[in-house]
Every structure is written in structure tokens, then in C-alpha cells.
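These are the residues of each chain, in order.
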Amino acid sequence: MKRVKIQLKKNSYEIIIEKDLLSRLSFFIAEIYKNKKIYIITDDQVAEFYLQKVRTILEEKFIVEDVIVPHGESSKSIETYCSVVKQLLNKNIRRNELLLALGGGVIGDLTGFVAATLYRGLPYMSIPTSLLSQMDSSIGGKTGIDFDERKNIIGCFKQPKLVLIDPNTLNTLPVEEFKNGMGELIKHAVIGNPKLFQMLLSKPEIDEEIIFESLTVKKHLVEADEFDQGERMLLNFGHTFGHAIELKYNLKHGHAVALGMLMAIHFGIDLGITNKEVYSKILTILNLYEISYQEYNYKAYVKDIVYDKKNIAGVIQFVLLRDIGKAFLYPVEESKLKELL
Ligand code: GLY
């Protein structure tokens, strides 16, 4: 078992990573949550694999209700949000009762947002079941929904009480979904953990150790900058360019991030900042994990980047690398961008 503590000024919490953790769920939750009722929020696909198992285990100690939404990004909507709130109210949820997110990033973000807003705040925990959500969205308290065809445009920060990761849930992931998560895992190695990068070169099983090493990178950045005003933005490595191609070519998020990393490295090399060898090192890893790539010319996507919501008042926050493990923010004023490129 591995434990990662996210140490914040208020609302610190733990991530527990353990193979077959699902069978000990009640024990971990009961350590922290002292009320009787738990409301599971999940989607129809995850429900098929895990809902009955999770319910049966939790019912040893708790009274359990569930709310099932359709799977997929379309559930991160204001309509699904309203439907979940309505169902919870119909079940007479009280403000000190626990929501439990069981699923991938969509379920985590939606549940967190309901937990942040219903009764002005309920406790929530999460069991991320996809590699992408285990690596990224379940940690750090970003919650929200999409609106007006923009991703995560309505939301807030709300930290969970506990995050429970069972690497066994990765066994039921489709290959493409697994690769999707690998994009973010590789990103963590590249921006802040050369030891993990080295470990990945031997293509290990994605087990407790690897997940722990990856989450350590995010832990330090979230602790240093809970509300994403500074250092936490290093997690956007590969995202500035990645977002520009994700929708355009209908790529999975992790895949777009992987390609966005290549673009950012290319940019850094052109600026004389990034060690040239980094590019081939990343290609080695992408080949190893069979993440297909093609080299997009980063200069062609600058116009799209200017519209990215993370740009703060006319400044584009690029994240560049000096070398593996050495990422830094490279702000460029929009007006200077043309000159630079
Ligand atoms: N996904 C990036 C972050 O949590 O800040």
C-alpha cells in the first residue's frame, strides 16, 4: 500500500493506492466518515463493472444510495448536474452526508461540483477508475462542468476528503483509454520526476509504485499552489499546444497532451532553451507505449492558443523544459508572440 498526503492550509487529505483496495473500502471510508449514509455517483458503464461490488462492500457498514448518469463527456453538463441534484434531493440527502464518485474524470468533476454547490458544500470522496483520472483529475480539487461548448468553464475548487485508487480497476480499461492516461503519467515524469522517467523506460506494470511516483509530482505542485495561480500551471505542460489540436483532430486528451509535449519541446529547442536530446527521449517513451505521434508544427496553432481560457489578460503561459524533470513557466505577451514565432 502507498499513501500520498496532500498537505494544504485547510482540507488536507490522503490518497491511498492499493491493489484490491475495493474489497477494503468500508474500512478506509469509516476511518474518516462517521455518518451512516453514502450516495454513490457513477456512470452506466462503470456501474456494470463495479457498482454492485462497491455497494455490497459498503453495505457492511453504511446505508448506500446511488445515482447513475450516462457515460461520456456529455454528462459534464448543466442538465446532468440538475438531474443529479434533483435525484439526491428526492433521496433526502442531508448536508453532512457523503458523496462518493465512482468512475473516471467526468464523474469526478461532476460529483465534486455537486459536492461544492449542493447545500453550499457536502463532503465527497472519490474512487477514480481510469488511469487518466487516477493520474490527474481526482487530485487537486478542480471540479466543474462544460458549458457553451467550452470545457470546464463553470466550476470551483473543492478538495475531496479521501481519494482511493485500486490499480486493479485498470484491468478493465480499453487499450485506448489506458494510453490516454499514459499521456498524463509520462507528462508527470517529464516535468518533475526523472526517476519515474527512467522507470518507465523498462515498461513496468502500472502498479502502486508507479502511480505513487507520478502523484508525487502533482502533490508538490498542488501543495505549492492550490488555486492554480503559479507553479501548478507547470501541470499544463503539453496542454497549451495539446488543447489546440485536441478538438481539431478529435484526439483523446492524454494523446493530445503527448503530442502537445512534442510541440512544446520543439518550441523550447528553437528558443535555445530545451536540451535537444529531450525530443528523442520522449519519442522513445511514446514508441514504447505505442502512443502514435505525428509532428505538428507548433507555429501553426498559435492563433488557437490565444483563445485558450488559461491565458491571463493577454499573456500566454507557456510551459517549457530545460531538461527531463526541469519544467518552468515561460510567459509571453500576446503582442510579442508574432515576433517570437
Ligand atoms: N489538471 C491540471 C491541474 O489539476 O492543475
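Refer to the structure printed above.
Along each chain, residues carry numbers from 1 onward, in the same order as the chain's sequence is written. Per-residue local features of the predicted model are confined to residues with pLDDT of at least 70, and side-chain atom pairs are confined, for both listing and counting, to 80 or more; whole-chain, interface and lining totals are unaffected and use all residues. Side-chain metrics rest on all non-hydrogen atoms present in the structure, leaving aside hydrogens and water.

A.B. asks: Run through the environment of M199, naming residues and quoting values.
C.D. replies: Under the DSSP-based scheme used, a helix requires at least four consecutive residues in state H or I and a strand at least two consecutive residues in state E, with every element numbered from the N terminus. For M199, the position within the fold is in helix α7 (residues 194–200). With 46 residues separating them along the chain, M199 and I153 place their C-alpha atoms 36 Å apart. Apart from the residues within four sequence positions on either side, M199 is in contact with P204, E209, I210 and E213. Any two residues whose heavy atoms approach within 4.5 Å at even a single point are treated as in contact.

A.B. asks: I'd like to hear about the pattern of salt bridges, residue by residue, with values.
C.D. replies: In what follows, salt bridge is the name for a side-chain nitrogen of Lys or Arg lying within 4 Å of a carboxyl oxygen of Asp or Glu. Tallying each qualifying case throughout the model produces 18 salt bridges. Between E213 and K195 there is a salt bridge, with the nearest N and O atoms lying 2.9 Å from each other. Here K195 lies in helix α7 and E213 lies in helix α8 (residues 208–224), a separation of 18 residues in the sequence. For each residue, the accessible area found with a 1.4 Å probe, counting protein chains only, is set against the maximum for its type, and the residue is called buried under 20%, exposed over 50%, and partly exposed in between. Overall, K195 belongs to the partly exposed group, its relative accessible area being 49%.

A.B. asks: Go over the side chain of T240 with me, naming the residues and quoting the values.
C.D. replies: Inspection of the secondary structure puts T240 in helix α9 (residues 239–246). You can call T240 buried: its relative accessible area is 11%. Ignoring any residue separated from it by four or fewer positions in sequence, one finds T240 in contact with I305, I316, Q317 and F318.

A.B. asks: Tell me what's going on with the site of the ligand, and back it up with residues and numbers.
C.D. replies: By convention in this text, a residue qualifies as near a molecule or strand provided that one of its non-hydrogen atoms is within 4 Å of it. Taken together, D136, K142, K218, R232 and L235 make up the full set of residues adjacent to the ligand. Between the ligand and D136, the relevant distance is 3.0 Å, taken from a nitrogen atom to a side-chain nitrogen or oxygen of the residue. Between an oxygen atom of the ligand and a side-chain N or O atom of R232, the distance comes to 2.7 Å. Within the complex, 88% of the 190 Å² of free accessible area of the ligand lies under protein. Think of a polar contact as two N or O atoms within 3.5 Å of one another; within protein, one of them needs to be a possible hydrogen donor and the other a possible acceptor, and neighboring residues in sequence only count if both atoms come from side chains. Accessibility throughout is a Shrake-Rupley quantity obtained with a 1.4 Å probe, and a residue counts as covered only by protein chains that appear here.

A.B. asks: Run through the sheet that holds strand β5 (residues 98–103), naming residues and quoting values.
C.D. replies: Strand pairing within a sheet occurs via backbone hydrogen bonds; the two strands may be parallel or antiparallel. Ordered by their spatial adjacency, seven strands build an open sheet running β1-β2-β9-β6-β5-β3-β4, and the pairing between neighbours is mixed. Looking at the sheet topology across the chains shown, the edges are occupied by β1 (2–6) and β4 (63–69). Across this sheet, the average inter-strand angle for adjacent strands is 20°, counted without regard to direction. Pairing of β1 with strand β2 (residues 13–17) involves five bridges; the strand directions are antiparallel. Bridge pairing in β2 links R3 to I16. Together, β3 (37–43), β4 and β5 form the strand contacts of helix α2 (residues 44–58), whose direction differs from that of β3 by roughly 160°. We call two strands paired when DSSP finds no fewer than two bridges between them. Orientation is described by axes fitted as lines to C-alpha atoms, over the contacting stretch for helices, and by angles from 0 to 180 degrees between their N-to-C directions.

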